[in-house]
Amino acid sequence: MNGFHVPKEKAQVVKEYLTEHHLLDKMSLLVKDDNTITFPILSKSNLLKVFPFGTFITARFPSVQKKQTFKEALVALLTPAEQQHKQQHIISGFDVIGDIAIVEIPPELRKKEKKIAQLLLGYAHVKTVVKKGTIHHGTYRVQRMVHLAGKRTMETIYRESGIKVKLNVSKVYFSPRLAEERKRIAALVKPKEKVLVLFSGVGIYPMVIAHNTSASLVYGIELNPIGHKYALINKELNHLQNIEFICGDAGKEIRKLHVRFDRIIMPLPKNAADFLGSALAVAKKGTVVHFYDFFPEKDIPHEPKTRIRQLCRKWKIPCRIITVVKCGQYAPYVSRVCIDFSIG
Ligand SMILES: C[S@@+](CC[C@H](N)C(=O)[O-])C[C@H]1O[C@@H](n2cnc3c(N)ncnc32)[C@H](O)[C@@H]1O
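The rules we used
- Residues numbered from 1 in each chain as written.
- Predicted model: local features only at pLDDT ≥ 70, side-chain atom pairs only at ≥ 80, totals over all residues.
- Helix = DSSP H or I, 4+ residues; strand = E, 2+ residues; numbered from the N terminus.
- Rg over C-alpha atoms; globule rule 2.2 N^0.38 Å.
- Buried ≥ 20, exposed ≤ 12 C-beta atoms within 10 Å, placed from the backbone.
- Axes fitted to C-alpha atoms, helices over the stretch in contact; angles between N-to-C directions.
- Parallel < 35°, antiparallel > 145°, perpendicular 65-115°, else oblique.
- Left-handed = near helix turned anticlockwise from the far one by under 90°.
- Contact = placed C-beta atoms within 7 Å.
- Near = placed C-beta within 6 Å.
- Nonpolar A, V, L, I, M, F, W, Y, C, P; charged D, E, K, R; others polar.
- Domains from an automatic or database assignment.
- Core = buried A, V, L, I, M, F, W, Y, C linked by C-beta atoms within 7 Å.
- Pairing = 2+ DSSP bridges.
- Right-handed = clockwise from strand over helix to strand, strands pointing away.
- Expected span 1.5 Å × (residues − 1).
- Arc of directions from axis to C-beta.

### Considerations on the overall build of the protein chain
Part 1 of the argument: Per the secondary structure count, the protein chain includes 11 helices and 17 strands.
Part 2 of the argument: Radius of gyration (C-alpha) of the protein chain: 29 Å, far over the 20 Å computed for a compact globule of 344 residues.
Part 3 of the argument: In terms of overall dimensions, the protein chain has a C-alpha envelope of 95 × 45 × 35 Å along the principal axes.
Part 4 of the argument: Of all 344 residues assigned to the protein chain, the portion counted as buried reaches 33%.

### Topic: the packing of helix H3 (residues 70-77) against helix H5 (residues 113-120)
Part 1 of the argument: Here H3 crosses H5 at 155°, and the two axes come no closer than 10 Å. Classified by the angle between their axes, H3 and H5 sit roughly antiparallel to one another. Classified by chirality, the crossing of H5 by H3 is right-handed. For the pair formed by H3 and H5, the contact residues are Phe70, Ala73, Leu74 and Leu77 on the first element and Lys115, Ile116, Leu119 and Leu120 on the second.

### So, the site of the ligand
Part 1 of the argument: Lining the immediate environment of the ligand, one finds 20 residues, of which Phe199, Gly201, Leu223, Asn224 and Ala250 sit closest.
Part 2 of the argument: Taken together, the elements giving at least two residues each to the shell around the ligand come down to helix H7 (204-212) and strand S12 (217-222).
Part 3 of the argument: Here the shell around the ligand is composed, by residue class, of 12 nonpolar, five polar and three charged.
Part 4 of the argument: Counting only domains with at least three residues in the shell around the ligand, you end up with domain 2 (70-153) and domain 3 (172-343).

### Thoughts on the nonpolar core
Part 1 of the argument: Val103, Val129, Leu198, Met266 and Ala279 are the most contacted members of the largest nonpolar core, which has 73 residues in total.
Part 2 of the argument: Here the element with the most residues in this core is H7; it accounts for six residues.
Part 3 of the argument: If you count residues domain by domain, this core takes at least three from each of domain 2 (70-153) and domain 3 (172-343).
Part 4 of the argument: Residues contacting Val129, with those up to four places away along its chain left out, are Ala101, Val103, Ala117, Leu120, Leu121, Leu148, Ala149 and Gly150.
Part 5 of the argument: One finds Ile37, Phe39, Ile41 and Leu47 within the second-largest nonpolar core, a separate group that totals eight residues.

### Focus: the sheet that holds strand S6 (residues 100-103)
Part 1 of the argument: The mixed open sheet is built from four strands, whose spatial order is S5-S6-S7-S8. Strand pairing shows two members of the sheet lacking a second neighbour, strand S5 (95-97) and strand S8 (145-150), which therefore form its edges. Neighbour-to-neighbour, the strand axes of the sheet open up by a mean angle of 30°, direction not taken into account.
Part 2 of the argument: In this sheet, strand S7 (residues 128-132) lies alongside S6 in parallel orientation, the contact comprising four bridges. Opposite Ile102, over in S7, you have Val130 as the bridge partner.
Part 3 of the argument: Strands S6, S7 and S8 of the sheet are contacted by H5, whose axis makes an angle of about 60° with S8.

### Here's the deal with the pairing of strand S13 (residues 243-247)
Part 1 of the argument: Judged from the five bridges that link them, S12 and S13 form a sheet pairing that is parallel. Paired with Ile221 across the two strands is Ile246, which belongs to S13.
Part 2 of the argument: With respect to chirality, the unit in which S12 leads through helix H8 (residues 225-237) into the neighbouring parallel S13 is right-handed.

### Let's talk about the domain arrangement of the protein chain
Part 1 of the argument: Per the domain assignment, the segments making up the protein chain are domain 1 (2-58), domain 2 (70-153) and domain 3 (172-343).
Part 2 of the argument: Computed over C-alpha atoms only, the centres of domain 1 and domain 2 are separated by 44 Å.

### Description of H8
Part 1 of the argument: Between its terminal C-alpha atoms H8 stretches 18 Å, which fits the 18 Å expected from 13 residues at 1.5 Å a residue.
Part 2 of the argument: For H8, the complete set of buried residues consists of Gly227, His228, Tyr230, Ala231 and Asn234. Along the long axis of H8, the arc covered by the buried residues comes to 160°, so they all point the same way. Along H8, exposed side chains directed more than 90 degrees from the buried face belong to Pro225 and Glu236.
Part 3 of the argument: Check the buried side of H8 and you find it contacts strand S10 (163-168), H7, S12 and S13.

### Examining the sheet that holds strand S11 (residues 194-198)
Part 1 of the argument: In spatial order, the strands read S13-S12-S11-S14-S15-S17-S16; together these seven strands make up an open sheet with mixed pairing. The outermost strands of the open sheet, each flanked by one partner alone, are S13 and strand S16 (319-331). Across the sheet, the mean angle separating the axes of adjacent strands is 20° when strand polarity is ignored.
Part 2 of the argument: Of the strand pairs in this sheet, strand S14 (residues 263-266) and strand S15 (residues 288-296) are connected by four bridges, and their pairing is parallel. When the sheet's bridge partners are listed, Ile265 is paired in S15 with His290.
Part 3 of the argument: Sheet strands touched by H8: S12 and S13. Its angle to S13, the strand with the most contacts, is close to 160°.

What follows is the structure, given as structure tokens:
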């Protein structure tokens with residue numbers, strides 16, 4: 001490839017001329033040593049007349065590399081056998097919450113986990129990479145996280161639907177994958193509604209609703225004291241007035257409320273049924289309930305509807321199923337489902 005070789009002290013003026021006259025080959029990188037610089041050029045034009053101190057040479061220039069995607073970098077790191085089964089698992093299993101990336105590393109790739117984590121630093125503003133140390137467990141549904149690369153912190157600020165959420169990824173439950181579902185619920189809230197969110201975690205549902213709707217009042221109840229602490233911090237962080245956060249057991253705390261709610265949200269799959277009786281005590285005719293649970297794909301929407309009808313029959317409450325919405329994968333062939341129903 002053609003190059004134009006000039007003394008280092010003249011390089012700046014030559015570069016400006018080459019750029020201005022579209023003579024610089026932008027797909028290649030210049031080459032330099034202590035005293036000279038060689039520019040990759042597209043044509044010789046009248047360069048020697050303008051810069052008689054230069055010389056034309058033929059040289060090899062390194063090409064400009066476009067930044068690899070994480071997938072491309074992962075392919076380069078893994079052997080073909082590792083790629084076959086594990087690559088997709090890593091790509092579909094990682095989440096970014098604020099500037100923390102959370103990865104799921106298959107046991108077979110343990111030896112390469114730090115290298116995989118290093119690859120993630122720099123993508124999508126990631127400053128810290130952690131791996132899931134356990135599945136969601138216990139009453140608080142938390143996941144232990146193990147630091148792999150970058151800044152040593154588990155606390156970050158995540159943004160969604162116009163709000164900021166501060167949280168510690170290893171001390172509270174949080175899923176960015178439910179952002180669309182939260183937006184769906186917020187879009188259903190009518191002006192002046194009173195909304196109750198049971199199991200409110202760091203306050204994400206109440207805040208998305210309070211910020212994006214004209215609800216008159218939004219209550220959140222959370223048992224995990226750390227989740228509650230973050231909910232209070234987040235209320236301040238977002239300057240929200242019409243929200244109240246309560247720390248305690250939803251079943252007990254509901255009894256202290258003297259409000260009839262227009263909408264009740266119950267994001268505690270597997271156990272929400274244990275609290276439906278308490279929730280119905282603060283409902284009224286027309287209250288809409290959003291009830292979350294897990295169901296095998298093959299049983300949706302029939303089983304979720306049957307389940308709600310059975311539960312409401314048990315509590316002798318007439319109900320009308322509005323819709324059944326799939327909102328995420330829980331396990332292979334098992335989905336998280338929200339059943340929206342109203343009290344008749
Ligand atoms: C699946 S998480 C959902 C958290 C939050 N709504 C979100 O979407 O990020 C369930 C939450 O319910 C809380 N929880 C569990 N049992 C509870 C109870 N009896 N009363 C209140 N909160 C409870 C857990 O601590 C956890 O934060």
